[in-house]
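Listed below, chain by chain, are the residues.
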Amino acid sequence: MKKNHKKNNSSKKSSTPHLLPYKIFKNMADFFYSKLDFISNIPKLSLLSLVRFDKSQWQNFALLNYYGLIFGILFSAWLYAFVGIVEVCGGFSDSASMWLNIFGVIALSALGIVSIACYLLAPVRIRFYFGFFAGILLLYWIALSFRYTPFPFLIPLVWLGIGFIIGAIFWILLFFKHIIFRIFTLMILGSIHPFGFDWLVPQSFFAYSAFGVSEWDFLFVVVGVASLVVALLRSDINFPKKSKKSRFSNTRPSVRICVGFFGVISLALALDIGGLGGRHTQTSTDSSAKSNSQFGTKSSTDSSDLFLRENFALAQTYFKQDFKWSKSALDEIKEATFSTIEQAKTNGKKAIILPETILPIVLDSQIATLEELQSISDDIAIILGAFSKPNFNSTYIIYKGDVQILNKVILAPFGEKMPLPDFLAKPLLKLFFGIDEGLDSASVPQDFRLFRRVFRNAICYEGTSKELYADSPNLVVMISNNGWFYPSIEPYLQRTLMKYYARKAKSTILHSANLSPSFILSSKVLDDNFDTVIHIKD
């Protein structure tokens, strides 16, 4: 009997190492679930008690804000990681190292999943605080434009306004904790546009990931994450309990394994390995390009991309917003514009694209400047931003003396139009911008032909709008002025939205910007190109 007892003990000891990963994972799952339970059990706040400075109520208020901030940070971490990978490491371009690009794709894929998990798991008690901090972390830059109005002191109030609006949306969408309800509300979150502003699109979180960007791909990702959440942390499905000690054990392991396996399969169905691209372009002395794929795939638009890289120059300007709109700056900006055009000619380019309102004038009223541009357009197509009569934000295409003017269709809310009734909009326009009316807009997206190719015109905000890509344009010329929000994360959020729509519509975007990077953005994840940029310092 003693020998048998020793044998049993030795077998138990020998099996312990194999159970160690399971125990570690179980303890982690129990820890997270206990935290979720703790947050869910924080007592409701009483406004009257807060006003009376009740100590326990203020402690609860601080806890709700604390956990709301944590969820907000995790929800928006993908964007700040993207900023770090691009700015610090130089990732997500066709000239970056293969391993850096692979790391970036894996990191953003994982952090996108974390964002989805945060949304699905967020306790009902902190839903407003979660949305409040997520809104500020993703959209705080909107308030920075008030630096160039007579009321810069309103910036903190605008931050609060952003937080309250997104907080209210999350308060509604996360009202119930059931996983099916959460999946549904997450799928429609990107369709909710407060005041017409459409930059909170969860599908775009995966623009630079290994996952596809179609609605089906996003559904597969959300269902996959939801299945893993149910299998690992949640007990929304009432299976028989095994133990009262561990919430992780409340569901049969075999059922959890099946649900988890279904989640993994769902995530696998959303993968888009062919959409990664990863072509490196090496320019030789005769300006020819040689491309090879890191992932064994080849872009279907190689010849078109090669034409764009060889023949188009993209200007990247550095004019601060307060300098750009000062009367004394106009001559300097004109001189820089004309010298850039000459530099593009010298480089053998057939076209030069300059940013939105690079000439901050009504150009078709400034006949002398327009005629000067026409006179140098015989050998190069000039595409630049300026205003046009009567009150449009426009793109000018000047080539061989001909001038074509394309007007902006989708105006930025509050910056170019007030999405409010006239009796409110007009006084606000007068107060903040000193004007009586907002900008006019064209009725439909506009195209132009150049070098036997058709290009879709996009001016800043509209280049990140769904309507512009409705008919899947092959080539898009986009000009931006990001000086209003410099320095901030705005250009990076803009780029992820551009990549999302470019991948979805299979479009290539030529982007020229002020105070943010200019580039040729590919419909593949890793093929963005920065080699054709001409930098203009102020």
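The preceding data block contains the structure.
The model shown is predicted, which means the values in this text are computed figures rather than measured ones.

Reading the values: rules and limits
- Within each chain, residue numbers correspond to sequence positions counted from 1 in written order.
- Where local features are concerned, this predicted model is filtered to residues with pLDDT of at least 70; where side-chain atom pairs are given and counted, the filter is 80 or more; whole-chain, interface and lining totals use all residues.
- Side-chain metrics rest on all non-hydrogen atoms present in the structure, leaving aside hydrogens and water.
- Numbering goes from the N terminus for both helices and strands, where a helix is a DSSP run of H or I of at least four residues and a strand is a run of E of at least two.
- A simple rule labels every residue: compare its accessible area, found with a 1.4 Å probe on the protein chains alone, to the largest value its type can have, and call it buried under 20%, exposed over 50%, or partly exposed in between.
- Any two residues whose heavy atoms approach within 4.5 Å are treated as being in contact.
- We get accessible surface area from the Shrake-Rupley algorithm with a probe of 1.4 Å; when it comes to residues, only the shown protein chains can shield them.
- To get an axis, a line is fitted to the C-alpha atoms, and for a helix only the part in contact is used. The angle between two axes follows their N-to-C directions and goes from 0 to 180 degrees.
- Should an angle fall under 35 degrees it is called roughly parallel, over 145 degrees roughly antiparallel, and 65 to 115 degrees roughly perpendicular, with every other angle called oblique.
- Left-handed describes a crossing whose near helix is turned anticlockwise from the far helix through less than a right angle; right-handed describes the clockwise counterpart.
- All residues other than Ala, Val, Leu, Ile, Met, Phe, Trp, Tyr, Cys, Pro, Asp, Glu, Lys and Arg, Gly among them, are scored as polar; the first ten of these are nonpolar and the last four charged.
- Given the number of residues in a helix, its expected span is that number minus one, multiplied by 1.5 Å.
- Stacked, edge-to-face and tilted labels apply to pairs of Phe, Tyr and Trp rings (six-membered ring for Trp) whose centres lie within 6.5 Å, assigned for plane angles under 30 degrees, over 60, and everything in between, in that order.
- Only lysine NZ and arginine CZ atoms are considered, and such an atom sits over a ring when it is within 6 Å of the ring centre and within 35 degrees of the ring normal.
- We define a salt bridge as a contact between a side-chain nitrogen of Lys or Arg and a carboxyl oxygen of Asp or Glu at a distance within 4 Å.
- Pairing between two strands is assigned when DSSP locates at least 2 bridges connecting them.
- Bend, in this description, refers to the angle at a residue between axes fitted to the seven residues ending there and the seven starting there.
- Within this scheme, the nonpolar core is defined by two criteria: the residues are buried Ala, Val, Leu, Ile, Met, Phe, Trp, Tyr or Cys, and they are joined through side-chain atoms within 4.5 Å.

Chemist: It is not clear to me how the overall build of the protein chain should be interpreted in this structure. Could you clarify?
Modeler: A count of helical and extended segments in the protein chain gives 15 helices and 13 strands. Within the protein chain, buried positions represent 53% of all 538 residues. Taking contacts inside the protein chain between residues at least 6 apart in sequence as the whole, the part at least 24 apart equals 69%. Total accessible area on the protein chain stands at roughly 25,400 Å², and carbon and sulfur atoms take up 64% of it.

Chemist: Explain the packing of helix H7 (residues 179–189) against helix H8 (residues 215–232) to me, please; I cannot follow it from the model alone.
Modeler: For any two helices packed against each other, the geometry comes down to the angle between their axes and how far apart the axes lie. Packing of H7 against H8 leaves a shortest axis separation of 11 Å and a crossing angle of 150°. Classed by the angle they form, the pair H7 and H8 counts as roughly antiparallel. In the packing of H7 onto H8, the handedness of the crossing is right-handed. Contact with H7, carried on its side by Ile 179, Ile 183, Leu 186 and Met 187, involves Glu 215, Phe 218, Leu 219, Val 222, Ala 226, Val 229 and Val 230 of H8 and no other residues of that element. The residue makeup of the contact of H7 with H8, split by class, is 10 nonpolar, no polar and one charged.

Chemist: Where do I start with helix H15 (residues 490–505) in this structure?
Modeler: For an α-helix, the turn length of 3.6 residues means that residues three or four places apart are oriented alike. Taking 1.5 Å of rise per residue, 16 residues should cover 22 Å, and H15 covers 22 Å from first to last C-alpha, within 8% of that figure. Of all 16 residues making up H15, 15 are buried, and the element is well covered by its neighbours. At the C-terminal side of H15, Lys 506 shows a positive phi close to 60°.

Chemist: How should the packing of aromatic side chains be read in this particular structure?
Modeler: Aromatic ring pairs are described here by two measures, namely the spacing of the ring centres and the angle between the planes. Under the counting rule described, the total for this entry stands at 46 aromatic pairs. Aromatic side chains Tyr 119 and Phe 170 sit 5.8 Å apart centroid to centroid with 80° between the ring planes, which places their arrangement in the edge-to-face category. Of the two residues, Tyr 119 sits in helix H4 (residues 98–121) while Phe 170 sits in helix H6 (residues 155–173), which places them 51 residues apart along the sequence. We classify Tyr 119 as buried; its relative accessible area is 0%. Taking relative accessible area as the criterion, Phe 170 reaches 1% and is therefore assigned buried. The ring of Phe 38 carries the charged tip of Lys 35 above its face, separated from the ring centre by 6.0 Å. Above the plane of the ring of Phe 307 lies Arg 453, whose end atom (NZ or CZ) is 3.8 Å from the centre.

Chemist: Help me out: how do you make sense of the pattern of salt bridges in this one?
Modeler: Opposite charge on two side chains permits them to pair, given that their charged atoms come into close proximity. What the rule picks out here adds up to nine salt bridges. Linking Glu 215 and Lys 504 is a salt bridge whose minimum nitrogen-to-oxygen distance equals 3.2 Å. Residue Glu 215 is found in helix H8, and its partner Lys 504 is found in helix H15; the two are separated by 289 residues along the sequence. Owing to a relative accessible area of 34%, Glu 215 belongs among the partly exposed residues under this scheme. Measuring nitrogen to oxygen at the nearest pair gives 2.7 Å for the salt bridge that ties Glu 416 to Lys 408. Of the residues examined, Glu 416 reaches a relative accessible area of 12% and is grouped as buried.

Chemist: Please clarify how the pairing of strand E8 (residues 447–450) should be interpreted in this entry.
Modeler: Moving residue by residue along a regular strand, the side chains alternate between the two faces of the sheet. Judged by which residues are buried, E8 turns out to be one-sided: Phe 448 and Leu 450 face inward and are buried, whereas Asp 447 and Arg 449, on the alternate face, are not. In terms of strand pairing, E8 meets strand E9 (residues 453–459) through four bridges, oriented antiparallel. Among the inter-strand pairings, Leu 450 is bridged to a residue of E9, identified as Arg 453. What sits between E8 and E9 in their antiparallel hairpin is a turn of two residues, with Phe 451 showing a positive phi close to 55°.

Chemist: Sorry if this is basic, but what is going on with the pairing of E9 here?
Modeler: By the criterion of burial, E9 is predominantly enclosed, with five of the seven residues buried. By the bridge criterion, four bridges tie E9 to strand E10 (residues 475–481) in an arrangement that is parallel. Within E10, the residue paired with Asn 457 across the bridge is Val 477.

Chemist: What's the story with the side chain of Lys 499 in this structure? I'm lost.
Modeler: One can find Lys 499 in helix H15. When its relative accessible area of 0% is taken as the criterion, Lys 499 is described as buried. In contact with Lys 499, not counting residues within four places along its chain, are Ala 207, Tyr 208, Leu 521, Ser 522, Lys 524, Val 525 and Asp 528.

Chemist: Just checking my understanding: could you explain helix H3 (residues 55–87) for this structure?
Modeler: For H3, which comprises 33 residues, the first-to-last C-alpha distance of 44 Å matches the rise-based estimate of 48 Å (1.5 Å per residue) to within 8%. Ser 76 marks where H3 bends most, by close to 50°.

Chemist: Where do I start with the nonpolar core in this structure?
Modeler: As a rule of thumb, soluble globular proteins bury nonpolar side chains together. Grouped together as the largest cluster of nonpolar side chains are 99 residues, with contacts concentrated most on Phe 92, Tyr 119, Phe 130, Trp 141 and Phe 170. The element contributing the most residues to this core is H3, with 10 residues. Excluding its chain neighbours within four sequence positions, the residues that come into contact with Tyr 119 are Phe 75, Phe 130, Phe 170, Leu 173, Leu 174, Arg 182, Thr 185, Leu 186 and Leu 189.

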